[in-house]
Number of protein chains: 2
Amino acid sequence: MSKIYVVGIGPGDYEQMTGRAVRALKESDVIIGYTVYVDLVKAYFSEKEFLTTPMKKEVDRCILAFEKAEAGKTVSMICSGDAGVYGMAGLMYEIGEKYPDVELEVIPGVTAATGGAAVLGAPLIHDFCLISLSDLLTPWEKIEKRLSCAAQADFAVCLYNPSSKKRKDYLKKACQILLEYKAEDTVCGLVSNIGREGETSRVLTLKELKDTEVDMFTTVFVGNSQTRNIGGKMVTPRGYRYE
Amino acid sequence: MSKIYVVGIGPGDYEQMTGRAVRALKESDVIIGYTVYVDLVKAYFSEKEFLTTPMKKEVDRCILAFEKAEAGKTVSMICSGDAGVYGMAGLMYEIGEKYPDVELEVIPGVTAATGGAAVLGAPLIHDFCLISLSDLLTPWEKIEKRLSCAAQADFAVCLYNPSSKKRKDYLKKACQILLEYKAEDTVCGLVSNIGREGETSRVLTLKELKDTEVDMFTTVFVGNSQTRNIGGKMVTPRGYRYE
């Protein structure tokens, strides 16, 4: 039976991959992914066959992987972060219904939520939500509803895809919804280029976040009512008592 | 300046650690953790000094780490999964206010949500919430509110700490709250002993989940309205169109 590994490579740096991810790539004949992520791993596995498709060609990318597997190759489909969090694992299972002879194995990795949280301190230590602000595949009303419910229930929130060229004001709109239930001084954080060259981070208030422009390489963190700024780190307590 | 790494070791298996986590443990003189997790890494780093404290002695464990660091040792505080998701990173920053000369570096890992998701298929591919059912440090009313809001907003939900000896009926209660807004045939999944010996998983409906008993080594996944059972795998679509 032919096999495809669907591999989360983490933030991008070789050292941020798990041993299991490295082994899957080593065992593969073909490594397929979005151009940017393939470039990240190419240097370390130069003897492999590399295939890429651009953004918005995700379905083609999956079909390519299954065709290579059916031709007898061991294939790795790579995703940044975790393959199962806004990654390709879902679509691979969906497309895979047509390729019953190909086995899929998903290999988890460090997603931007936990990678970015580690940079900021410990913002996601307790219950939290992940919400993508991209309305490319999700109606904006549904995103608004999720933001509102997350704020009502005092979740910490991690926002993926907070901005793009066409959606410059989405983060502002999201903050306005969160501010209906969260305080203006709620501790928030931004991390850009997590685990890559040029990594930067900033801790700020929700009021400040509302008027901050971010780019598409930024992940946004909004604290819960207990989140504190401890010496420039964003820290959500879990509730342990200490003097 | 002395340094403490707060390291997420992932599900437990050596291969599931990132290269960065392995390097931190290699660089450390002392490795501190909960007894169970220390036992998981002991075999691979036998020349180190190992210190443990039992459950409910988390504050003591942190103080121990800072005292060793102040004495000039390089220390790793290890957590299963990710150190920043129901892990020790938060408490370390809180206790760390008293140890300004000790630097903390959090090293992310694969948490049970993404590790378990990879076993089940792709349940968390879109917006999701993590909720712990443990009311040891969180009032149960707050947990109920979060469950209710998560269901109203059609989030996929991952439940940590779904059961313990004293809380045998908590998962049932949680399912009853989710069922106020989620359909009985919502696709759900269970994974026990993620990435360890004896790993098992099961895909079932929310109605079935309500009457299922799980142990404390189980992570529970509840789909959103789009989640499907594809050949025994739990798959949440992201919304890509394909024929």
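So, a few notes on the structure that sits alongside this text. (Residues numbered from 1 in each chain as written. Chains lettered and ligands numbered in written order. Predicted model: local features only at pLDDT ≥ 70, side-chain atom pairs only at ≥ 80, totals over all residues. Heavy atoms only, no water.)

### Some details on the overall build of chain A
Then, number 1: Along its length, chain A carries eight helices and 13 strands.
Then, number 2: Here the C-alpha radius of gyration of chain A, 19 Å, is about what a compact globule of 243 residues would show, namely 18 Å.
Then, number 3: If one aligns the C-alpha atoms of chain A with their principal axes, the spans along those axes are about 60 × 40 × 30 Å.
Then, number 4: Counting over 243 residues, chain A shows a buried share of 60%. (Helix = DSSP H or I, 4+ residues; strand = E, 2+ residues; numbered from the N terminus. Rg over C-alpha atoms; globule rule 2.2 N^0.38 Å. Buried < 20%, exposed > 50% of the residue type's maximum accessible area, 1.4 Å probe, protein only.)

### Focus: the interface of chain B and chain A
Then, number 1: With 66 residues of chain B at the interface, the matching set in chain A holds 66 residues.
Then, number 2: Here chain B packs against chain A, burying approximately 6,200 Å² in sum over the two surfaces, 58% of which is carbon and sulfur.
Then, number 3: The interface formed by chain B and chain A includes ten salt bridges.
Then, number 4: One salt bridge connects Glu97 of chain A with Arg228 of chain B, and the closest N-O pair in it is separated by 2.9 Å. (Contact = heavy atoms within 4.5 Å. Buried area = accessible area lost by both parts, 1.4 Å probe. Salt bridge = Lys/Arg side-chain N within 4 Å of Asp/Glu carboxyl O.)

### Remarks on helix H2 (residues 35–42) of chain A
Residue and element names in this part refer to chain A.
Then, number 1: Buried within H2 we find Tyr37, Val38 and Val41. Buried residues along H2 cover an arc of 100° about the axis, so they all sit on one side.
Then, number 2: Taken together, the buried residues of H2 touch helix H1 (19–27), strand S2 (30–34), strand S3 (49–53) and strand S4 (75–79). (Arc of directions from axis to C-beta.)

### A closer look at the packing of helix H6 (residues 140–152) of chain A against helix H7 (residues 170–178) of chain A
All names here are of chain A.
Then, number 1: Contact geometry of H6 with H7 gives a least axis separation of 8 Å together with a crossing angle of 40°. By the criterion of interaxial angle, the relationship of H6 to H7 is oblique. Crossing of H6 against H7: the hand is right-handed. For the pair H6 and H7, contact is made by Trp140, Glu144, Leu147, Ser148 and Ala151 and by Tyr170, Lys173, Ala174, Ile177 and Leu178, respectively. (Axes fitted to C-alpha atoms, helices over the stretch in contact; angles between N-to-C directions. Parallel < 35°, antiparallel > 145°, perpendicular 65-115°, else oblique. Left-handed = near helix turned anticlockwise from the far one by under 90°.)

### Description of the relation of the copies chain B and chain A
Then, number 1: Between chain B and chain A, the superposition needs a rotation of 180° and an axial shift of 0.0 Å, giving an RMSD of 0.0 Å. Those values place the two copies in the arrangement expected of a two-fold rotation axis.
Then, number 2: A share of 100% of interface residues in chain B that are also interface residues in chain A marks the association as one of identical surfaces. (Least-squares fit on C-alpha atoms with pLDDT ≥ 70 in both.)

### Focus: the pairing of S4 of chain A
Two faces belong to every sheet, and in a regular strand the side chains alternate between them.
All names here are of chain A.
Then, number 1: S4 sits mainly inside the fold: five of its five residues count as buried.
Then, number 2: A two-sided burial pattern is seen for S4, the buried positions comprising Val75, Met77 and Cys79 on one face and Ser76 and Ile78 on the other.
Then, number 3: Strand direction decides the pairing type here: strand S1 (residues 2–8) and S4, joined by five bridges, are parallel. Within S4, the position partnered with Val7 by the bridge is Ile78.
Then, number 4: Summarising the sheet, S2 and S4 pair through three bridges and their orientation is parallel. Following the sheet pairing, Ile32 is matched in S4 by Met77. (Pairing = 2+ DSSP bridges.)

### A closer look at H1 of chain A
Then, number 1: By the burial criterion, the buried members of H1 of chain A are Arg20, Ala21, Val22, Ala24 and Leu25 of chain A.
Then, number 2: Close packing links the buried residues of H1 of chain A with S1, S2, H2, S4 and strand S5 (102–107) of chain A.

### Some details on the pattern of salt bridges
Then, number 1: Summed over the entire model, instances satisfying the criterion amount to 25 salt bridges over all chains.
Then, number 2: Across the pair Lys142 of chain B and Asp154 of chain A runs a salt bridge whose closest N-O atoms are separated by 2.8 Å. Placement of the pair is Lys142 of chain B in helix H6 (residues 140–152) and Asp154 of chain A in the loop between H6 and strand S8 (156–160), with the two residues belonging to separate chains.
Then, number 3: For Lys142 of chain B, a relative accessible area of 27% puts it in the partly exposed group.

### Some points on the environment of Val102 of chain B
Residue and element names in this part refer to chain B.
Then, number 1: Relative to the elements of secondary structure, Val102 occurs in strand S5 (residues 102–107).
Then, number 2: With a relative accessible area of 8%, Val102 lands in the buried category.
Then, number 3: If near-sequence neighbours (up to four positions away) are discounted, Val102 is found in contact with Met1, Ser2, Ile4, Phe66, Ala69 and Glu70.

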